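Residues per chain, in single letters:
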Amino acid sequence: MNRFSAVTVQNGGSPHERVPSGGSPIRTEPRGSASPTVPTSVDWASPGSTVDAPRVRSAPTIFDEPPRPTRALVASPVSRLQPRTVGQLLDGGFEVLRFRFRTITIIAATIVLPLYALPQALVAALGRVGDVDVFGGSSPLGYLAQLGLWLATMLLGVAIGFLVSGWLVGADPTPADTFRFLRSRLGVALGAFVVALLLKVAGLVACGVGILFAVPVLSVLAPVVAAEGLGVVESVRRTIALARRRFGAVFGVGLLWAVSSSLVSAAATGAAALVGELATGSTDGAEIAVQAVNVVGTVVLTVVQVAVTVLVYVDLRVRTEGLDLELESVERFRAAA
């Protein structure tokens, strides 16, 4: 049963008001409530636009429908909601990064560098150069770096989920807005991360088969935490229920991303090893170059992976709950009022 109906925007008041600390761009109310909440204003007005002038989606849909009015942020990757193919979802991750490159770079650097890059740099400085092996043969700093990367992926997912959900209602959050929101949801994000990690470990212990289910269905946990304002257990339950509706598609996106990112990473590290050895004339130089490329490549691929995951969440909402129709009906109702 669909637990969500109208999409609401926080904070009545003027369209140019900023969202306060802890504000979430998109919230939903249980379907069937006596008086569903109808948004009365947007959180942020997009630069150069007026409040009463609806934006127009210009990109054609797969059904060749005429453009419809919307208050989604103009030219954003979610300015026209429609079901996406797997290829479009993967491409969309790069679109999200390009659309607000500076904002996302600041957020990613602040989150990922101290949690992952710093431990990796210490590993290299202590002579443990190379990839971190989660299942053995690594130093404690190597394990710390891998755990930090997992945690950074979760926090970055919440941050980018906040950005994308803001774009859906015409908001354009700054890095400061995003960090305030992340701080307000930090407890829930950490709790959900621990619960998800335990479920993945349990799936791994169960002959390794359970991990093939746990990882895909929990992949959209971060955007759920960002967009729906639920608690720890409720977020995990909501994530599993949502992803199970299109498990094959979620599994396919994750598999294709793993394959494509591995190929890109292998090509980059191979080129770095060759250049490093030619430049320094030693294998040590090649190892240092490979380590540097691994860290930078991992950070970039993590950002794109998180953006893809957020778009997968939006696509699940569109396909299974009619999020695009809810947003459009709210907009049309407001225009007619």
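Here the structure is a predicted model, which is why all the values come from computation and not from measurement.

(A) Local environment of the environment of T85. Assignment of secondary structure puts T85 in the loop between strand 4 (69–70) and helix 1 (86–99). Here T85 falls in the partly exposed class, since its relative accessible area comes to 45%. As a C-alpha pair, T85 and D315 span 230 residues in sequence and 9.3 Å in three-dimensional space.

(B) Fine view of helix 7 (residues 221–228). Of all 8 residues in helix 7, 8 are buried; the element is thus mostly enclosed. Listing the buried residues of helix 7 in full gives L221, A222, P223, V224, V225, A226, A227 and E228. Directly after helix 7, the chain includes G229, whose backbone phi takes a positive value near 60°.

(C) Inspection of the packing of aromatic side chains at higher detail. Tallied over the entire structure, the rule returns 4 aromatic pairs. Centre to centre, the rings of F99 and W167 are 4.9 Å apart; their planes meet at 80°, and the pair counts as edge-to-face. Separated by 68 residues along the polypeptide, F99 in helix 1 and W167 in helix 3 (residues 140–168) bring together distant segments of the chain. The buried category is assigned to F99, whose relative accessible area is 17%. Connected via pairs of aromatic rings, a cluster forms that spans F213, F247 and F251. A cation over an aromatic ring shows up here: R100 above the ring of F99, its NZ or CZ 4.1 Å from the ring centre.

(D) Geometry of unusual backbone geometry. The phi torsion at A75 lies on the positive side, around 70°, for a residue other than glycine. Tracing the backbone shows A75 in the loop between strand 4 and helix 1. Classification of A75 as exposed rests on a relative accessible area of 58%.

(E) Inspection of the side chain of D177 at higher detail. Tracing the backbone through its elements, the reader meets D177 in helix 4 (residues 175–184). Polar side-chain contacts of D177 include one of 3.0 Å to the side chain of T174.

The rules we used
Residues numbered from 1 in each chain as written. Predicted model: local features only at pLDDT ≥ 70, side-chain atom pairs only at ≥ 80, totals over all residues. Heavy atoms only, no water. Helix = DSSP H or I, 4+ residues; strand = E, 2+ residues; numbered from the N terminus. Buried < 20%, exposed > 50% of the residue type's maximum accessible area, 1.4 Å probe, protein only. Phe/Tyr/Trp six-rings, centres within 6.5 Å; stacked < 30°, edge-to-face > 60°. Lys NZ or Arg CZ within 6 Å of the ring centre and 35° of its normal. Polar contact = N/O pair within 3.5 Å; in protein donor to acceptor, adjacent residues only side chain to side chain.

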